[in-house]
Structure formats: structure tokens, C-alpha cells
Amino acid sequence: MIGKHLLSTEDLSQQQAIAILDTTAELAAVSDRSVKKLPTLRGRTVVNLFFEDSTRTRLSFELAAKRLSADVITFSAKGSSVSKGESLKDTALTLEAMGADAVIIRHGASGAPYRLANAGWIGGSVINAGDGTHEHPTQALLDAYTLRRHLRDGSGGLAGARVVIVGDVLHSRVARSNVHLLHTLGADVTLVAPPTLLPVGIESWPCAVSYDIEDPLPLADAVMMLRVQAERMAGSYFPSALEYSRLYGLDARRLKLLPSDAVVLHPGPMNRGMEISAEVADSPRAVIVEQVTNGVNVRMAVLYLLLGGADIDISVRDGER
Ligand code: CP
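Asker: Can you help me understand the confidence of the model for the chain in this one?
Answerer: Residues shown with low pLDDT carry predicted positions that ought not to be read at fine detail. Summary statistics for the chain give a mean pLDDT of 93 and a share of 95% for residues scoring 70 or more. Low pLDDT, under 50, characterises residues 316-321; the predicted model gives this stretch 10 contacts beyond four residues in sequence or across chains.

Spelled out as C-alpha cells, the structure:
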């Protein structure tokens, strides 16, 4: 249904995206049971291959695989033979020799998951858990699932939903994955950033662009704040953190510009006091903690669909909730 690998949201059709979101809803019902485990992937091996730091993505993929009864190996480049110079190819061949059915990869190099999927080193599925500044498809899927819970249209998509994404678009794989997926689901996306934090070629992305955060807020259904990725910044992209926060941060005053039912998202980790104030992050309008919960269910759905669990009934029967 969704193919063998999940490398980008740009590759997903609307039908495939909705199938993942609908499966997530089914699995969320399982996660609400007292016994949360399904036997679907018993005997299958899932490898978390993380060359960059992660809290949410790594832990939620691990929990998702365990909830589906897979055996899980978590590999961090730190403390592995990568620090002795071992290549991606030799690392991949080692995992293949151990019988990995799926490899979930986060890598600092844009395109690393494509290399893994297409070079023939790995026989199983490859899932992109964030590659450089390129894509983070499961983050966009969990964001779309969260938005759908709050803004759902009748078609199962997000037709006409107005989503504003603010911040460091240049270094953000989350922004790119969200723009493509939200466009596929029918939403209208506006990116807001200083000109220095927009990538070359932004005019070809399926979204509007603004340099003024306050302009699109009054009509927004949701605003997604992006982390300022200081670790990817070699030069100076804005005068100071204070200046960035003043011009592009979401604080309590700007929150009041949003419609009263609009929600605030952030993929995490947050720079509190920079792109988002603590008051906004902790406000009832923020769905940031819910995004984390939804991330487990979305990643269960992706593993379930990619590893061929779709022939097993996951529907919740009466008395099992
Ligand atoms: N949103 C996200 O990718 O968070 P982590 O870096 O903690 O995985």
C-alpha cells in the first residue's frame, strides 16, 4: 500500500498519506487499551540506526516497534565502530548480516536514507528518521495526525486548513516534510522566516512565504514553530537571539492574534524563550506533548504498513479498550 520504504513525504500520494493517518487512528485505539501490545511483528527485527542525537524520534520508534512485538536493536554512532572510521556501507552490511527487517536511519547527510535503500546493502525496509536538512517524514505525519484531530475536514484530509510554519526553514527537515505533506492533504501553508533563513528555490515549494509573523496569524488554524538550529549554523543568520525572538518568536501577545480555537505545534526540542515563550509552550493552546504521544502511534502505523502487518486485524473489539 505504501511501498517498501518511507524516505520522504514528497513521495506520498494523498491516498497513501490518508491510509497511514487512518491506520494511526486504529492503532491509537490499541494504545488506549490496558494491554498495549500486538503480536503483528513477532519475529521481525527493527534497527534504530542513529548518527545524530534524538530523544523523541528514537524513543518513539523503539516503543512503537516493541508495541508491535518486534525485536529492537538501537545503534548510536557515538560509542560504535563509526568512531573508528567504519563507513555507512560497512555498518549497513553488518546490520544486514544480523537479519534486520527494517532500518530506521537518522543521519546528518541529506540523502543518506536513499543511499541505504538503493545501494543494495539492506534487503529490508528503510525509514528516514531525519536526514540532514532534507526530510523528516514521520514528524510531518505525526504533525498532520495531530492537526487532523483538531481541524479535521470531512474527507479525512486537511482541505482548506490554514497552517503557518515559522522559523529556521533553511535548516529544517521538518518544514520541508510538512510543506509537502500538508499540501498533499489539501492544506494552505504559509512559511514565515527572515530572508536569511529561507532556502534557495523556496518559490518552487507549494506554499506562500511571508517575512512578517503577525500578518498570517489572525486567519491561521494552526501555527507550527520551528527550532532555531544553532548547531547547523556556521555563520550569523540574525543579529542576536533577542532580536530573533522579538521579530519571529511566538509569545503571549502574538498568541492573542490567533483565532481562539487555533493550536500551537512545535516538533521539539524547544528553545524556550527564543522561538517560543515558556508561557505559550505551557499554554492549553499548545499541543506539543500530544504530538509526542501521536508520534508513537504514527510510527507504529508506518512499521505495521511497511512490514506487511496489514493483513492482520488491528481493530479494537468491545471490552478491549
Ligand atoms: N522532533 C524530533 O525529531 O525530535 P528529536 O530530535 O528529539 O528526535
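Asker: Mind showing me how you'd approach the environment of Met 98 here?
Answerer: Within the secondary structure, Met 98 is located in the loop between helix H3 (88-97) and strand S3 (102-107). We classify Met 98 as exposed; its relative accessible area is 55%. In sequence terms Met 98 and Thr 45 are 53 residues apart; their C-alpha atoms lie 8.9 Å from each other.

Asker: Would you take a moment to explain the site of the ligand for this structure?
Answerer: The immediate surroundings of the ligand are formed by Ser 54, Thr 55, Arg 56, Thr 57, Arg 106, His 136, Gln 139, Pro 267 and Gly 268. Contacts to the ligand include Thr 57, whose side-chain N or O atom sits 2.6 Å from an oxygen atom. Between the ligand and Arg 106, the relevant distance is 2.9 Å, taken from an oxygen atom to a side-chain nitrogen or oxygen of the residue. Considered on its own, the ligand offers 260 Å² of accessible surface; in the complex 91% of this is hidden by protein. Looking at the shell around the ligand residue by residue, the classes come out as 1 nonpolar, 6 polar and 2 charged. Two domains each provide a minimum of three residues to the shell around the ligand, namely domain 1 (9-136 + 292-311) and domain 2 (137-287).

Asker: How should the domain arrangement of the chain be read in this particular structure?
Answerer: Much of the literature gives interface size as the accessible area that the parts lose upon coming together. By domain assignment, the chain separates into domain 1 (9-136 + 292-311) and domain 2 (137-287). Computed over C-alpha atoms only, the centres of domain 1 and domain 2 are separated by 25 Å. Facing 32 residues of domain 1, the contacting portion of domain 2 comprises 30 residues. Summed over both sides, the interface of domain 1 with domain 2 buries roughly 2500 Å², with 59% coming from carbon and sulfur. It is Thr 9, Leu 21 and His 136 in domain 1 that bury the most area against domain 2; as a group they hold 26% of the surface buried on that side. Inspection of the domain 1/domain 2 interface yields 2 salt bridges. Note that Glu 52 is salt-bridged to Arg 173, the shortest N-O span being 3.0 Å.

Asker: Explanation requested: the packing of helix H1 (residues 14-31) against helix H10 (residues 288-306) in the structure shown.
Answerer: Packed helices, taken two at a time, are described by the angle between their axes plus the distance between the axes. Between H1 and H10, the shortest axis-to-axis distance is 8 Å and the interhelical angle comes to 115°. When the axes of H1 and H10 are compared, the crossing they make is right-handed. Here H1 contributes Ala 19, Ile 20, Thr 23, Thr 24, Leu 27, Ala 28 and Ser 31 to the contact with H10, which in turn contributes Asn 297, Val 298, Met 300, Ala 301, Val 302, Tyr 304 and Leu 305.

Asker: Explanation requested: the sheet that holds S3 in the structure shown.
Answerer: Working definition: the strands of a sheet are paired by backbone hydrogen bonds and lie parallel or antiparallel to each other. The sheet built from 4 strands is open, its strands ordered S2-S1-S3-S4 with parallel pairing. Looking at the sheet topology across the chains shown, the edges are occupied by strand S2 (71-76) and strand S4 (125-131). Strand after strand, the sheet turns through a mean of 15° between neighbouring axes, direction not considered. Taken together, the 5 bridges between S3 and S4 define a ladder with parallel strand orientation. Residue pairing in the sheet places Ile 105 in a bridge with Asn 128 of S4. Here helix H2 (residues 56-67) sits on the sheet and contacts strand S1 (45-50), S2, S3 and S4; the angle it forms with S1, its principal contact strand, is near 175°.

Asker: I tried to follow the nonpolar core on my own but got confused; where do I start?
Answerer: Among the nonpolar cores identified, the biggest contains 90 residues, and Leu 141, Leu 147, Ile 165, Val 169, Val 223, Val 264 and Leu 303 are the most heavily contacted of them. Top element by residues in this core is H10. It accounts for 10 residues. Residue contributions to this core reach at least three from each of two domains, namely domain 1 (9-136 + 292-311) and domain 2 (137-287). Membership of the second largest hydrophobic core comes to 16 residues, among which are Ala 100, Ala 112, Ala 117 and Ile 122.

Asker: Help me out: how do you make sense of the pairing of S3 in this one?
Answerer: When a strand is regular, its side chains alternate between the sheet's two faces. Burial runs high along S3: 6 of the 6 residues are buried. Burial of S3 is two-sided: the residues Ala 102, Ile 104 and Arg 106 facing one way and the residues Val 103, Ile 105 and His 107 facing the other way are all buried. Pairing of S1 with S3 involves 5 bridges; the strand directions are parallel. Bridge assignment links Asn 48 to a residue of S3, and that residue is Ile 104.

Asker: Can you help me understand unusual backbone geometry in this one?
Answerer: Residues apart from glycine generally show negative phi values, whereas peptide bonds are mostly found in trans. Note that the residue after Gly 268, namely Pro 269, is joined by a cis bond; omega there is -5°. Of note, Pro 269 is situated in the loop between strand S9 (263-265) and helix H9 (278-281). In this structure, Ser 69 is a non-glycine residue whose phi angle is positive, near 70°. Here Ser 69 shows up in the loop between H2 and S2. For Ser 69, a relative accessible area of 15% gives the class buried.

Asker: Teacher, can you tell me more about the sheet that holds strand S5 (residues 162-166) here?
Answerer: An order of S7-S6-S5-S8-S9 is seen for the 5 strands of this open sheet, with the pairing classed as parallel. Strand pairing shows two members of the sheet lacking a second neighbour, strand S7 (208-210) and S9, which therefore form its edges. With strand direction ignored, the average angle separating the axes of adjacent strands in the sheet is 20°. Bridge count between S5 and strand S6 (residues 188-192): 5 bridges; the pairing is parallel. Counted as the bridge partner of Arg 162 is Asp 188 from S6. Of the strands in this sheet, S5, strand S8 (222-225) and S9 touch helix H5 (residues 137-151), which is tilted by about 170° from S9.

Conventions used here
Residues numbered from 1 in each chain as written. Predicted model: local features only at pLDDT ≥ 70, side-chain atom pairs only at ≥ 80, totals over all residues. Heavy atoms only, no water. pLDDT = per-residue confidence, 0-100. Contact = heavy atoms within 4.5 Å. Helix = DSSP H or I, 4+ residues; strand = E, 2+ residues; numbered from the N terminus. Buried < 20%, exposed > 50% of the residue type's maximum accessible area, 1.4 Å probe, protein only. Near = heavy atom within 4 Å. Polar contact = N/O pair within 3.5 Å; in protein donor to acceptor, adjacent residues only side chain to side chain. Areas by Shrake-Rupley, 256 points an atom, 1.4 Å probe, with all protein chains shown as cover. Nonpolar A, V, L, I, M, F, W, Y, C, P; charged D, E, K, R; others polar. Domains from an automatic or database assignment. Buried area = accessible area lost by both parts, 1.4 Å probe. Salt bridge = Lys/Arg side-chain N within 4 Å of Asp/Glu carboxyl O. Axes fitted to C-alpha atoms, helices over the stretch in contact; angles between N-to-C directions. Left-handed = near helix turned anticlockwise from the far one by under 90°. Pairing = 2+ DSSP bridges. Core = buried A, V, L, I, M, F, W, Y, C linked by side-chain atoms within 4.5 Å.

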